[in-house]
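# Fold and geometry: a report
Given next are the chains, with one letter for each unit.
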Amino acid sequence: MDNQAKSSGASSFTSAMNLDQQGVSSIPQRYVLPPSQRPNIIHHDEHVLPLPIIDLSDFHDQSRRYQIINEIRNACKEFGFFQVINHGIDQSTINEALKAAEEFFNLPHEEKMCLFSDDVHKPVRYGTSLNHARDEVFCWRDFIKHYSHPLSDWLHLWPSNPPSYRKNMGNYAEAVQGLQNKLMEMIFESLGLNPSYLEEEVNGGSQLLAVNCYPACPEPELTLGIHPHSDYGSITVLLQTRSGLEFKNKNNNWEAVPLVEGGLVVQLGDQMEVLSNGVYKSVIHRATVNVDKKRFSIVSLHSFAMDKKIGPAKELVDDDHHQLPKCYNEFSFSEFLHFISNNDITKERFLDTLKIMK
Ligand code: OGA
Ligand code: NI
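All of these numbers come straight from a predicted model, not from anything done at the bench.

Turning our eyes to something else, we now look at the overall build of the protein chain. Secondary structure summary: the protein chain contains 10 helices and 12 strands in total. Taken over the C-alpha trace, the protein chain has a radius of gyration of 20 Å; the compact-globule value for 358 residues is 21 Å, and the two agree within 12%. If you line up the protein chain on its principal axes, its C-alpha atoms span 60 × 45 × 40 Å. Burial analysis of the protein chain (358 residues in total) assigns 53% to the buried set. In the protein chain, 77% of the contacts between residues at least 6 apart in sequence involve partners at least 24 apart. Roughly 16000 Å² of accessible area belongs to the protein chain as shown, and the carbon and sulfur atoms make up 50% of that amount. Each charge class in the protein chain was averaged separately, 33 positive and 46 negative side chains, and the resulting centres sit 3 Å apart.

Our next topic: the UniProt feature "domain: Fe2OG dioxygenase" (unreviewed entry) in the protein chain. Per the UniProt entry, the sites bearing "domain: Fe2OG dioxygenase" (unreviewed entry) are residues 204-304 in this numbering. Across residues 204-304 one finds 6% helix and 43% strand; the C-alpha atoms that close the span lie 8 Å apart.

Moving on, we come to the coordination of the nickel ion (ligand 2). The protein atoms donating to the nickel ion (ligand 2) are His229 (NE2), Asp231 (OD) and His285 (NE2), with metal-donor distances spanning 2.1 Å. The sequence motif formed by the donor residues of the nickel ion (ligand 2) is H-x1-D-x53-H. Under the relative-accessibility criterion, aspartate 231 is labelled buried at 6%.

Along the chain, serine 332 falls in the loop between strand E12 (295-303) and helix H10 (333-342). Here serine 332 falls in the buried class, since its relative accessible area comes to 2%. For serine 332, the side chain forms a polar contact with the side chain of serine 334, separated by 3.2 Å. Once residues within four sequence positions are removed from consideration, serine 332 is found in contact with Met306, Asp307, Lys308 and Lys309.

With that settled, the discussion passes to the environment of asparagine 106. Mapped onto the fold, asparagine 106 is located in the loop between helix H4 (91-105) and helix H5 (109-113). For the pair asparagine 106 and aspartate 292, spaced 186 residues apart in sequence, the C-alpha separation works out to 17 Å. Ignoring sequence-local partners within four residues, the contact set of asparagine 106 consists of Met17 and Lys294.

Among the nine residues in E12, nine count as buried, and that is most of the element. Residue alternation in E12 divides its side chains into two sets, Arg295, Ser297, Val299, Leu301 and Ser303 and Phe296, Ile298, Ser300 and His302, and both sets are buried. Sheet topology note: the strand E5 (residues 206-214)/E12 ladder contains nine bridges and is antiparallel. Paired with leucine 209 across the strands is serine 300, a residue of E12. As paired elements, strand E7 (residues 235-240) and E12 share five bridges and run antiparallel to each other. Paired with leucine 239 across the strands is isoleucine 298, a residue of E12.

The next subject is the site of ligand 1. In the region of ligand 1, 13 residues are neighbours, and Tyr214, His229, His285, Arg295 and Ser297 sit closest. Contact distances for ligand 1 include 3.3 Å between an oxygen atom and a side-chain N or O atom of asparagine 212. Aspartate 231 has a polar side-chain atom sitting 3.3 Å from an oxygen atom of ligand 1. When isolated, ligand 1 has an accessible area of 290 Å², and the protein chains bury 96% of it. Looking at the shell around ligand 1, the elements with two or more residues in it are E5, strand E6 (226-229), strand E11 (285-287) and E12. Considering each element in turn, the shell around ligand 1 owes the most residues, three residues, to E12. Considered class by class, the residues forming the shell around ligand 1 number six nonpolar, four polar and three charged.

Here we come to the pattern of salt bridges. The final tally for this structure, using the stated rule, is 12 salt bridges. Arginine 349 is the salt-bridge partner of aspartate 270, the closest N and O atoms lying 3.7 Å from each other. Of the two residues, aspartate 270 is situated in helix H9 (residues 270-275) and arginine 349 in the segment after H10; the sequence distance between them amounts to 79 residues. Linked by salt bridges that have partners in common, Arg65, Glu185 and Glu189 make up one network.

Quick look at the sheet that holds E6 now. What the four strands build is an open sheet, ordered E6-E11-E8-E9; its pairing is antiparallel. Every other strand in the sheet has two partners, leaving E6 and strand E9 (254-256) as the edge strands with one partner each. Strand-to-strand twist across the sheet, computed as the mean angle between neighbouring axes with direction ignored, equals 25°. Of the strand pairs in this sheet, strand E8 (residues 245-248) and E11 are connected by three bridges, and their pairing is antiparallel. In the strand pairing of E11, glutamate 246 is matched with arginine 286.

Criteria and thresholds
- Residues numbered from 1 in each chain as written.
- Chains lettered and ligands numbered in written order.
- Predicted model: local features only at pLDDT ≥ 70, side-chain atom pairs only at ≥ 80, totals over all residues.
- Heavy atoms only, no water.
- Helix = DSSP H or I, 4+ residues; strand = E, 2+ residues; numbered from the N terminus.
- Rg over C-alpha atoms; globule rule 2.2 N^0.38 Å.
- Buried < 20%, exposed > 50% of the residue type's maximum accessible area, 1.4 Å probe, protein only.
- Contact = heavy atoms within 4.5 Å.
- Areas by Shrake-Rupley, 256 points an atom, 1.4 Å probe, with all protein chains shown as cover.
- Lys, Arg positive; Asp, Glu negative; His and termini not counted.
- Charge placed at Lys NZ, Arg CZ, Asp CG, Glu CD.
- UniProt positions renumbered as here; feature names shortened; annotations may be inferred.
- Donors = N, O, S within 2.8 Å, 3.2 Å for Na, K, Ca; no water.
- Polar contact = N/O pair within 3.5 Å; in protein donor to acceptor, adjacent residues only side chain to side chain.
- Pairing = 2+ DSSP bridges.
- Near = heavy atom within 4 Å.
- Nonpolar A, V, L, I, M, F, W, Y, C, P; charged D, E, K, R; others polar.
- Salt bridge = Lys/Arg side-chain N within 4 Å of Asp/Glu carboxyl O.
- Axes fitted to C-alpha atoms, helices over the stretch in contact; angles between N-to-C directions.

Here is the structure:
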C-alpha cells in the first residue's frame, strides 16, 4: 500500500535523532518514565562469579573446548549472557559496519522516512522507540532493522544509501551468522545435547539485524534507550560502542554490562529458555542513554525459521518421573510477532504466556 507510511503514524513521527538535531534542552513528556521505572539506581551486588568474559581462541582444541563449554554453562546458568573475545570477527569488519550505521543515521530525515514502518512484519524498517504506534512512553532510540540471512534473499531490500551500507553491514551480518553457528553448537553441548542438535534449523534460521542509534540525551535520568525486555530468539549477538546495556540480575537489580574492547555480548533469548526447558533463562535487559555522546549498537537477533515451532528438547524433559516436567508450550517466531503487534511487551512478557503451571 503506497500510503502505508501515512496510515501507520508517519505524520506524528518524531525521532530521537530529530530531537537531538533540534538541540532540545529537555525531553518531551512522552519520553518521561514514571519514577519507579527510571534508570537512576544501579545496585552493585556482591557476586560469587565475575561478569563472564569468555575467550574463544583455540576452541577447536578439544581440551580448550571443554573448558570453554564449562564457562558457557556457568555463564548461562548464572547470568543468561556472556561476552566473547577472540571470536574470529575482524575489527575492520566491525569498524566498517559501525561506520555504515553512523552514516545511515546521519542521512536527511526524509530519506530515512522512505523506510519508515510501524509494521513489525516488514523485512526492512526504519523506526524509533520500541513500537512507535503503541508505546505509551517512547524510548530515546532510532533503529533500522532488516532480515539478513541468507543475505542474498534480503540485501536488495536494504538501504541503498550510504553506498557502502549493503557491503559493509552485509559482511558483518555474515560474519556474525557464522559465529552464531559455533555458539549454538557450544551452548547445546553445554546443555548436554548433541552439538549438532537441530543443525539444519540453526544454520537455516532467521537473522534480524537491529542497528540502533541512541543520540545524546539532555535528561538521561528520566528515560531509557530501550525498555526492559528479553529477546525472542535463540541467541542475540550484540555489539555496543559505549556502555549502556544493562541486565537484570538474580536479585532483580539492574547491572551494567561493561564495554569490552573488541568484545561481543551473547544473550540468551526466549527460544533458548523454552528449548532448554528452563535450565537456562532468557536475560532481561535494557539500554540507558547518556548526556554527552551518541551510542550505537548492532544487535543480531537469531532465531529458528519464522514458522518453526520450538518446544523443550525431549532430552531435557522427563514427564514420567516428574523430575523435569515440560515447563513451556511451543512457540514460533511468527507467533511472537503476532503477540507484539497486539500487546504492550513492557506490561506482559510473551514468555510468561508459554509457561505451563504445575
Ligand atoms: C535490542 C536491544 C540493546 C542495546 O535491540 O533488542 O536490547 O544496547 N538493544 O542496543
Ligand atoms: Ni534486546
